[in-house]
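Residue-level structure breakdown
So the chains spell out like this:
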Amino acid sequence: MRILLVLLIAASEAVFAASNEPILASMTWSEKEGFKIRENELTSTPDTVAWANFTNAINETGWSYLEVKTDSRFPDKVQVM
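Here the structure is a predicted model, which is why all the values come from computation and not from measurement.

Note that strand β1 (residues 23–30) and strand β3 (residues 48–57) share six bridges and pair antiparallel. Across the sheet, Thr28 pairs through a bridge with Thr48, a residue of β3. Relative to strand β2 (residues 34–39), β1 is paired through six bridges, and the arrangement is antiparallel. By the bridge assignment, Trp29 is partnered in β2 with Phe35. Following β1, the chain reverses through three residues before pairing antiparallel with β2.

On to the pattern of salt bridges. Throughout the structure, instances matching the rule amount to four salt bridges. Between Lys36 and Glu33 there is a salt bridge; the shortest N-O distance is 2.7 Å. A relative accessible area of 43% places Lys36 in the partly exposed class.

The rules we used
Residues numbered from 1 in each chain as written. Predicted model: local features only at pLDDT ≥ 70, side-chain atom pairs only at ≥ 80, totals over all residues. Heavy atoms only, no water. Pairing = 2+ DSSP bridges. Helix = DSSP H or I, 4+ residues; strand = E, 2+ residues; numbered from the N terminus. Salt bridge = Lys/Arg side-chain N within 4 Å of Asp/Glu carboxyl O. Buried < 20%, exposed > 50% of the residue type's maximum accessible area, 1.4 Å probe, protein only.

These figures capture arrangement, not role.
Below, the structure is given as structure tokens:
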């Protein structure tokens, strides 16, 4: 849920900005530090739980694109947070 909420906030900012530049974000997790959001980058470290890419191409194609991926190595409970 937390991942989706963060991504929706970022996506809404992009829509209002009317920019077709992608908005990138990664979320990392560890038992010690919990969740951390890394804005404007797609990380590939072992603690990366999810990646997101939002592109607002509404003026060019009529579509906006939201891609979210999670790492199946993490428990489902961590992936959905």
